[in-house]
Amino acid sequence: MDFIDLKQQQKEIKLNLNKRIAEVLDHGRYIKGPEVEALEEKLCQYTGAEYAIGCGNGTDALQMALMALNLKAGDEIITTPFTFIATGEVILLLGLKPVFVDIDPDTYNIDATKIEEKITEKTRVILPVSLYGQCSDMAAINIIAKKHDLIVIEDAAQSFGAEYHGKKSCNLSSIATTSFFPSKPLGCYGDGGMIFTSNQELADRLRMIANHGQAKRYCHTIVGVNSRLDSLQAAILLAKMEIFEDEVKQRAKIGERYTDQLKEYVKTPVIKEGYTSVYAQYTIEVNNRDDFCEKLKAVNIPTAVHYPIPLHMQPVFKSLDIKVGELPISEKVAKSVVSLPMHPYLNKKDQQFIIETTKEAAL
Ligand SMILES: *Cc1c(COP(=O)(O)O)cnc(C)c1O
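These figures come from a predicted structure and were not determined experimentally.

About the cut-offs
Residues numbered from 1 in each chain as written. Predicted model: local features only at pLDDT ≥ 70, side-chain atom pairs only at ≥ 80, totals over all residues. Heavy atoms only, no water. Helix = DSSP H or I, 4+ residues; strand = E, 2+ residues; numbered from the N terminus. Buried < 20%, exposed > 50% of the residue type's maximum accessible area, 1.4 Å probe, protein only. Contact = heavy atoms within 4.5 Å. Polar contact = N/O pair within 3.5 Å; in protein donor to acceptor, adjacent residues only side chain to side chain. Domains from an automatic or database assignment. Salt bridge = Lys/Arg side-chain N within 4 Å of Asp/Glu carboxyl O. Nonpolar A, V, L, I, M, F, W, Y, C, P; charged D, E, K, R; others polar. Patch = residues over 30% accessible without salt bridge, like charges linked within 9 Å, V, L, I, M, F, W, Y side chains within 5 Å. Areas by Shrake-Rupley, 256 points an atom, 1.4 Å probe, with all protein chains shown as cover. Phe/Tyr/Trp six-rings, centres within 6.5 Å; stacked < 30°, edge-to-face > 60°. Lys NZ or Arg CZ within 6 Å of the ring centre and 35° of its normal.

A separate point is the environment of D155. Within the secondary structure, D155 is located in strand β5 (residues 151–155). On the accessibility criterion, D155 (6% relative accessible area) is buried. For the pair formed by D155 and S319, sequence separation is 164 residues and the distance between their alpha carbons is 24 Å. Discounting chain neighbours no more than four positions away, the residues touching D155 are L62, T87, L127, P128, V129, S130 and T177. A polar contact of 3.0 Å, which involves the side chain of D155, links it to the side chain of T87.

Splitting the chain by domain gives domain 1 (6–237) and domain 2 (243–362). One C-alpha centre belongs to domain 1, the other to domain 2, and the line joining them spans 23 Å. Every contact between the two is made by 44 residues of domain 1 and, on the other side, 38 residues of domain 2. At the junction of domain 1 with domain 2, the criterion picks out 1 salt bridge. In this structure, D106 and K267 form a salt bridge, with 2.6 Å as the shortest nitrogen-oxygen distance. Inspection of the region where domain 1 meets domain 2 yields 16 residue pairs in polar contact (both at pLDDT 80 or more). When contributions to the side of domain 1 that touches domain 2 are tallied by element, the ones reaching two or more residues are α1 (6–27), α4 (85–93), β3 (97–100) and β6 (163–164). Its residues placed into classes, the side of domain 1 that touches domain 2 shows 21 nonpolar, 13 polar and 10 charged.

Within α4 the residues assigned to the buried category are A86, T87, G88, V90 and I91. The elements touched by buried residues of α4 are α3 (58–67), β2 (76–79), β3, β4 (123–127) and β5.

In this section: a nonpolar patch on the surface. Judged by side-chain polarity, L25, Y30, I31 and L232 come together as a nonpolar surface patch covering roughly 370 Å² of accessible area. As for its placement among the helices and strands, L25 is situated in helix α1.

Before going further, it helps to spend a moment on the packing of aromatic side chains. Under the definition given, this model contains 11 aromatic pairs. Centroid distance Y108 to Y132: 5.5 Å. Interplanar angle 65°. Geometry classified as edge-to-face. Highlighted residues: Y108 in the loop between β3 and β4 and Y132 in the loop between β4 and α5 (138–148), separated in sequence by 24 residues. Directly above the ring of Y46 sits K168, whose terminal nitrogen or CZ lies 4.5 Å from the centroid.

Here you go:
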């Protein structure tokens, strides 16, 4: 059994995929080919955001979103410690200061009620992560941001396709970033990412930053990077978009079945009213994680831990001098979370086997 099965998906779209890849090989515009613009347009339509800028990966997307804001060294970025390293890493990389706010124990997303107490003179950005495929409380976060004149960046690397009160993830804040890493809900066959905004000025800046800071050829106005989505990856994503909505439905169905049958036995994901999850991960909590994973592994069910160490406890953030115990919920759940296999092609028999084994193995 695979943790995420990409082979079955490939079978579904093989003809379309082959046709689109062949088109790229024929026209030969591997960088900035027409597929990139077509995908940007398609994802604007899908999310409702006005502008989309393809880029190299989800980490670059975050880095460029921060670069576009004219921040200065030491400016503070409020974010969650319970996320993939990329979210915090780009903050340090740009000489900015991450300020971690603890999470909600049910959704694992930043606890919006704890943000205001961490705002200082130097705060510029709130950077919530839509973890495991469910958005943070973006309305509450936007209200705080407006009151304190801050920018909100949604790290939507795991939530592309999710809905929040009828609006799509990636269209809920000043800027949003996503990743097309192969195992993400919408993944390509390599690295890829996208930045979304409905602010034209920001969109223009972001497009320049992604292409060496140039406004027109060989005229470099600002410091940029080289981070582009290539035509082949865009072609692959266009093929995948044709089945994406069905896949999102299938993920939701599997997530609901897991939850229905497991909720009496383990802590299952809490999807709040008005929210949907794309279940980038289906993550439960158990009290005997090592033993639980061993038991599942013994019957060939793969598991994964997202994430075993909160960012503030990673050596790379040592200079922030955050003490153990300061972000207790993140520290606690990092010890008990474990993700079960989740992808749209997980058949009923495997689902049932995973459910039964989980019931027996979990404490
Ligand atoms: C995957 C991920 C990223 C980084 O995306 P890459 O494309 O791998 O660079 C950033 N943030 C979160 C929350 C992620 O899950």
